[in-house]
Amino acid sequence: MAMGIHGLLGGLSGLLLLLCALPWTQGGKVLVFPMEGSHWLSMRTIVRELHTRGHETVVLAPDVSVYIKEEDFFTLKTYAVPYTKEEYEYHLLSSLQMFFKNEFSVMMILSNMELMKNVSTFYVSCCMSLLHNKGFIQHLNSSSFDVLLTDPAYPCGALLAKYLQVPAVFFLRFIPYDSDFEAAQCPSPFSYVPRLFTRNLDHMSFLERVKNILYPLPFKLIFHFAFIPYEQLASELFQREVSFLEIIGHASIWLFRFDFVFDYPRPIMPNMFFVGGINCVSRKLLSQVCIGPSSKEWSSNISFHVWL
Ligand SMILES: *[C@@H]1O[C@H](CO)[C@@H](O)[C@H](O)[C@H]1NC(C)=O
Ligand SMILES: *[C@@H]1O[C@H](CO)[C@@H](O)[C@H](O)[C@H]1NC(C)=O
């Protein structure tokens, strides 16, 4: 018993010493690699808060960026991309329109394959021109950032963090085909975690479970092709085979822009946090609220629009 208390006291004083020796995280240097479009709007809220709390934030954006503009609460650093402003805007808007105009489904993706391919090529070439820009990378490397905040829906930020050997904080809705949970080695049983857009509930019949298993497969295949260029780019940078899951697995912290109001309970890892409320920071009063008998439909539509 006495030994136990001694051990406990020893442990506590060790912990206290450790705490004293730790540098305060106040005033850290944060590199932010956002994704354009609506994704930036919620990330901007975080960047402003980081600034308020005394952190130095540097936001990276293409030199022809449409939405990410200079503001007084961060330093904007731009990199060259092989597009004119018009081309950049065209590619960006065409991808956003595809997702907003159509319901997300395999058919939607298949009938927009050419567009998807164009969009994917667009993002990859922006990423390549950043990572191949030796002078700029050297400059970022010598700035010794403490952490990189990124939205891994555009995996370039994750790859940049890994390349610079900086811990990454992911701020995301999801990465297609469950690769987020797979990369974090988080259990995600098909038997009761309904897959996105299946409209399954957490209680499923046998057939619904079968659907839960089969439904993501075509997405998995399609998005696999979209992610291959990042694997190639990473393999070239690191001079060895690097899988997409390894790039995404670089995350130290996962901040998910959802919560269990819209999504069903599921197992999560200790480094996963829910910050869905952040989408409601700039709120307006609803003029009319309509929750009809098909509230499940309503909620899945809402969550579809919130996922961006
Ligand atoms: C895809 O890109 C090609 C070449 O830039 C272009 O001709 C074609 O119209 C684009 N397709 C779509 C659907 O945007
Ligand atoms: C960053 O700098 C370190 C130390 O000088 C170096 O070892 C590393 O290779 C550099 N990383 C990149 C991506 O340039």
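Residues numbered from 1 in each chain as written. Chains lettered and ligands numbered in written order. Predicted model: local features only at pLDDT ≥ 70, side-chain atom pairs only at ≥ 80, totals over all residues. Heavy atoms only, no water.

Novice: Hey, could you run me through the overall build of the protein chain in this one?
Specialist: Looking only at helices and strands, the protein chain features 12 helices and seven strands. With 308 residues in all, the protein chain has 43% of them scored as buried. Relative to all contacts within the protein chain whose residues are 6 or more apart in sequence, the contacts with residues 24 or more apart total 63%. Accessible area of the protein chain: about 17100 Å², with a carbon and sulfur share of 63%. (Helix = DSSP H or I, 4+ residues; strand = E, 2+ residues; numbered from the N terminus. Buried < 20%, exposed > 50% of the residue type's maximum accessible area, 1.4 Å probe, protein only. Contact = heavy atoms within 4.5 Å. Areas by Shrake-Rupley, 256 points an atom, 1.4 Å probe, with all protein chains shown as cover.)

Novice: What is the right way to look at the state of the cysteines in this model?
Specialist: In a disulfide, the sulfur atoms of two cysteines are covalently bonded to one another. Throughout the structure, instances matching the rule amount to one disulfide. Residue Cys127 pairs covalently with Cys156 via a disulfide, S to S 2.1 Å. Across the S-S bond linking Cys127 and Cys156, the dihedral sits near 90°, which makes this disulfide right-handed. On the criterion of sequence distance, the pair formed by Cys127 in helix H5 (residues 113–131) and Cys156 in helix H7 (residues 156–164) is long-range, its members being 29 residues apart. (Disulfide = S-S within 2.5 Å.)

Novice: Help me out: how do you make sense of the environment of Ala234 in this one?
Specialist: Mapping Ala234 onto the fold places it in helix H10 (residues 216–238). For the pair Ala234 and Leu131, spaced 103 residues apart in sequence, the C-alpha to C-alpha distance is 9.6 Å. The residues contacting Ala234, other than those within four sequence positions of it, are Leu159, Gln239, Val242 and Ile247.

Novice: Would you explain the pattern of salt bridges in this entry?
Specialist: Where side chains of opposite charge bring their charged atoms close, a pairing between them can arise. Following the criterion strictly, the structure yields eight salt bridges and no others. With a shortest N-O distance of 2.7 Å, Glu71 and Arg44 are connected by a salt bridge. Of this pair, Glu71 sits in the loop between strand E2 (56–62) and strand E3 (75–79) while Arg44 sits in helix H2 (residues 38–52), and the two are 27 residues apart along the sequence. Put simply, Arg240 and Glu246 hold a salt bridge, and the shortest N to O gap is 2.8 Å. What makes Arg240 partly exposed here is its relative accessible area of 40%. (Salt bridge = Lys/Arg side-chain N within 4 Å of Asp/Glu carboxyl O.)

Novice: Can you help me understand empty space enclosed by the protein in this one?
Specialist: Vacant regions in the atomic arrangement are exposed by a probe of water-molecule size rolled over the atoms. One pass over the full model with this rule turns up one cavity of 30 Å³ or more. Size it by volume and the largest cavity reaches roughly 90 Å³. Along the walls of the largest cavity sit 14 residues, with Glu36, Pro62, Tyr79, Tyr88 and Tyr154 positioned nearest its centre. Breaking the lining of the largest cavity down by element, the ones donating at least two residues are E2 and H5. Residues of the lining of the largest cavity, tallied by class, amount to 13 nonpolar, no polar and one charged. (1 Å grid on protein atoms, 1.4 Å probe; cavity = no way out; pocket = protein on both sides within 12 Å on 5 of 7 lines; lining within 4 Å. Points joined across faces, edges and corners; volume = space filled by probe spheres on them. Nonpolar A, V, L, I, M, F, W, Y, C, P; charged D, E, K, R; others polar.)

Novice: Looking at this structure, how should I read the packing of H5 against H7?
Specialist: A pair of packed helices is characterised by two quantities: the angle between their axes and the separation of those axes. Interaxial distance between H5 and H7 falls to 10 Å at its minimum, and their mutual angle equals 20°. Judged by the inter-axis angle, H5 sits roughly parallel to H7. The two elements H5 and H7 meet at a crossing, and its hand is right-handed. Contacts between H5 and H7 involve Cys127, Leu130 and Leu131 on the former and, on the latter, Cys156, Leu159, Leu160 and Tyr163. When the residues that make up the contact of H5 with H7 are grouped by side-chain class, the tally is seven nonpolar, no polar and no charged. (Axes fitted to C-alpha atoms, helices over the stretch in contact; angles between N-to-C directions. Parallel < 35°, antiparallel > 145°, perpendicular 65-115°, else oblique. Left-handed = near helix turned anticlockwise from the far one by under 90°.)

Novice: Any chance you could explain the packing of aromatic side chains here in plain terms?
Specialist: Two descriptors summarise a pair of aromatic rings, namely the distance from one centre to the other and the angle between the planes of the rings. Enumeration over the complete set of coordinates arrives at 20 aromatic pairs. Between the aromatic rings of Phe73 and Phe74, the centroid separation amounts to 5.3 Å while the plane-to-plane angle is 80°, which identifies the pairing as edge-to-face. For the pair Phe73 and Phe74, one class covers both residues: buried. Aromatic pair Phe260 and Phe274: ring centres 4.8 Å apart, planes at 50°, arrangement tilted. One end of the pair, Phe260, is in the loop between strand E6 (251–256) and strand E7 (272–274); the other, Phe274, is in strand E7, and 14 residues separate them in sequence. Taken together through their ring pairs, the aromatic side chains of Phe170, Phe181, Trp254, Phe256, Phe258, Phe260 and Phe274 make up a single cluster. (Phe/Tyr/Trp six-rings, centres within 6.5 Å; stacked < 30°, edge-to-face > 60°.)

Novice: Looking at this structure, how should I read the site of ligand 1?
Specialist: Close contacts around ligand 1 come from Tyr90, Glu114, Leu115 and Asn118, and that covers them all. Glu114 places a side-chain nitrogen or oxygen 3.1 Å from a nitrogen atom of ligand 1. Within the side chain of Asn118, one N or O atom sits 2.3 Å away from an oxygen atom of ligand 1. In the complex, 40% of the free accessible area of ligand 1, which totals 360 Å², lies under the protein chains. The biggest single contributor to the shell around ligand 1 is H5, with three residues. Residues of the shell around ligand 1, tallied by class, amount to two nonpolar, one polar and one charged. (Near = heavy atom within 4 Å. Polar contact = N/O pair within 3.5 Å; in protein donor to acceptor, adjacent residues only side chain to side chain.)

Novice: I'm lost on the nonpolar core in this one. Help?
Specialist: Among soluble globular proteins, nonpolar side chains are generally buried collectively. Leu160 and Trp254 are the most contacted members of the largest nonpolar core, which has 65 residues in total. A total of nine residues in this core trace back to one element, the largest contributor, which is H5. Filtering out sequence-adjacent residues up to four positions away, Trp254 remains in contact with Phe170, Leu172, Ile175, Asp180, Ala184, Ile248, Asn271, Met272 and Phe273. Judged by nonpolar contacts, the second largest core, of 18 residues, contains Val32, Trp40, Ile46 and Phe74. (Core = buried A, V, L, I, M, F, W, Y, C linked by side-chain atoms within 4.5 Å.)

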